[in-house]
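Coordinate analysis (summary)
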Amino acid sequence: MNAVDAVLEAHLRRDSGSLGPEYARLWAALGDAAEGGKRFRPALVAAMYRSLGGGDDELATRVGAAVELLHCAFVIHDDVIDGDDTRRGRPNVSGTFYAAARRAGAADGPARGYADTAGILAGDLALAAAVRAMATCGAAPAVTTRLLDLMDEALHVTAAGELADVHLSLDLAPVSLGEVLTMEERKTAVYSFELPLQAGAVLAGAPEPLVAGLAELGRLVGISFQLLDDLQGVFGSEDLTGKSVLADLREGKHTPLMAHARTTAAWPRIAAYVGDPNLTEAHAGEVRELLTTCGSRTFIEDLAEDYVSAALGLAADLGIADDVVAHLTALTDQLVRRAA
């Protein structure tokens, strides 16, 4: 983590004062957004690279940092899309600029527009930094081109998933479990799991059949991770996650948990609260009880376990090293504990 943080700092270090205090504040907020987190994406890059015989740890760290910058860009933009002002229990880029504008005397509407502008621009800057970090990672030209191809594909697929997420929220038609799973696969699994695993393999000179197999492995783990993350968003502990356990319910987010609940007799009672921006903790507790008694929570837990089992089976077939498998299973195990 220290090595990755050092590379991130180098990419985000800039003499921005000459462009004015507001721009300097934007870069400072971007630097804050890049701090913290589990850094599991760089860890997956490094673990896969080493397991396949890679010996240049600095190279793997630079590629891992590029993937982490991509994650930072997506997170900043996602917060703007969702209208969130906090991340990991503290103000995010948008929240920082919104609070500054309000303190300066701006009305709520203009302050919100200013905050969203800052979030969009910071995400754009992080995205540009991610591409630059990958392009200048120091790998052989052919390898760098392949890495950029993987990053480009992840960018396009994630954008499609983000747009699908917002489109589903329009409630134009009933949403199936399959549609929600596809959306979450595109929004999260590709860049968080497929990209790091494949990047580590490409760096190590792995054959294309293995690189292709790692895409499927990343998809399976990524879906299980997102299923458990959604579960945590309703049943988890805010002290552990740093995220509100009311936000998903208040927003009425289309998750697999809710897609299953819609098929149960409990849905009319659940629907009375889901999407209510003023949802109280007491009403959220009632929703959690209903989601448990109607079987939706168990269904999602079992589905996530099925994806994990399929991933472990594929990992064995591909001959993936134990340390890589340990990284993958630790991520899902951690989410299970948080939502327990």
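Quick look at the structure, then. Residue numbers restart at each chain and count upward from 1, following the sequence in its written direction. This being a predicted model, a pLDDT of at least 70 is required before a residue's local features are given, and a value of 80 or more before pairs of side-chain atoms are given or counted; all residues contribute to the totals for chains, interfaces and linings. To get the side-chain values, all heavy atoms of the structure are used, and hydrogens and water are removed first.

To continue, consider the overall build of the protein chain. The secondary structure content of the protein chain amounts to 16 helices and 2 strands. The globule rule is 2.2 Å times the number of residues to the power 0.38, and the radius of gyration it is compared with is taken over C-alpha atoms. Its C-alpha radius of gyration of 20 Å places the protein chain within 12% of the 20 Å reference for a compact globule of 340 residues. Projected onto the principal axes, the alpha-carbon positions of the protein chain cover approximately 60 × 55 × 35 Å. Taken over 340 residues, the protein chain has a buried fraction of 49%. Long-range pairs, those at least 24 residues apart, make up 73% of the contacts in the protein chain between residues at least 6 apart in sequence. Under the convention used here, Asp and Glu are negative, Lys and Arg are positive, and both His and the chain ends fall outside the count. We put the charge of a Lys on NZ, of an Arg on CZ, of an Asp on CG and of a Glu on CD. Each charge class in the protein chain can be summarised by its mean position, and for the 28 positive and 48 negative side chains these summaries are 5 Å apart. The helix and strand labels rest on DSSP assignments: H or I over at least four residues marks a helix, E over at least two residues marks a strand, and numbering proceeds from the N terminus. Relative accessibility decides the category of a residue: with a 1.4 Å probe and only protein chains considered, values under 20% of the type maximum give buried, values over 50% give exposed, and everything between is partly exposed. Contact definition: two residues touch when any of their heavy atoms are within 4.5 Å.

What follows deals with the packing of aromatic side chains. Aromatic rings from Phe, Tyr and Trp, taking only the six-membered ring of Trp, are treated as a pair when their centres fall within 6.5 Å; an angle between ring planes under 30 degrees marks them as stacked, one over 60 as edge-to-face, and anything in between as tilted. Here the structure, examined in full by the defined rule, presents 6 aromatic pairs. The interplanar angle of 75 degrees and the centroid separation of 6.4 Å between the aromatic rings of Tyr23 and Trp27 together place this pair among those described as edge-to-face. Placement of both Tyr23 and Trp27 in helix H2 (residues 21-34) is noted, with a separation of 4 residues, approximately one turn of the helix. A network of ring pairs unites the aromatic residues Phe40, Phe193 and Phe225 as a single cluster.

In this structure, Gln198 sits in helix H8 (residues 177-203). Contacts described as polar in this section are N or O atom pairs within 3.5 Å, which, within protein, must combine one atom able to donate a hydrogen with one able to accept it, while residues neighboring in sequence count only if both atoms come from side chains. Looking at Gln198, its side chain comes within polar contact range of the main-chain oxygen of Val211, at 2.9 Å. Excluding its chain neighbours within four sequence positions, the residues that come into contact with Gln198 are Leu150, Val211, Ala212, Leu214 and Ala215.

With that out of the way, let us pick up the side chain of Thr264. Within the element layout of this structure, Thr264 appears in the loop between helix H12 (256-261) and helix H13 (267-271). Leave out the neighbours within four places in its chain, and Thr264 touches Cys294 and Ser296.

On to unusual backbone geometry. Even without being a glycine, Asp171 presents a positive backbone phi close to 55 degrees. Relative to the helices and strands, Asp171 resides in the loop between helix H7 (141-168) and H8.

Taken together, the buried positions of helix H1 (residues 2-12) are occupied by Val4, Val7, Leu8 and Leu12. Seen end-on, H1 carries its buried residues on one side only, within an arc spanning 130 degrees. The inward-facing, buried residues of H1 contact H2, helix H3 (40-51) and helix H4 (57-82). The directions from the helix axis to the C-beta atoms form the arc being described.

Here we take up the nonpolar core. Counting 95 residues, the largest nonpolar core has Leu217, Ile270, Leu291 and Ile320 as the members making the most contacts within it. Here the element with the most residues in this core is helix H9 (residues 208-235); it accounts for 13 residues. Excluding anything up to four places from it in sequence, Ile270 contacts Met258, Ala261, Val287, Leu290 and Leu291. Core analysis: the next-biggest nonpolar cluster, separate from the first, contains 5 residues, Leu168, Val175, Val180 and Met183 among them. In plain words, nonpolar cores are sets of buried Ala, Val, Leu, Ile, Met, Phe, Trp, Tyr and Cys residues tied together by side-chain atoms within 4.5 Å.

Take the number of residues in a helix, subtract one, and multiply by 1.5 Å to get its expected span. Over its 12 residues, H3 runs 16 Å from end to end, which matches the ideal 16 Å to within 8%, given 1.5 Å per residue. The buried fraction of H3 amounts to 9 of the 12 residues, a majority that puts the element mostly inside the structure. Where H3 is concerned, the buried positions are Phe40, Arg41, Pro42, Leu44, Val45, Ala46, Ala47, Met48 and Tyr49. Among the residues trailing H3, Gly53 stands out with phi positive, at a value near 95 degrees.

Structurally, Val157 can be placed in helix H7. Val157 sits 26 residues away from Met183 along the chain, and the two C-alpha atoms are 9.7 Å apart. If near-sequence neighbours (up to four positions away) are discounted, Val157 is found in contact with Arg186 and Val190.

Next up on the list: the environment of Ser176. As for its placement among the helices and strands, Ser176 is situated in the loop between H7 and H8. Once the C-alpha coordinates of Ser176 and Gly36 are considered, the two residues, 140 residues apart in sequence, prove to be 35 Å apart.

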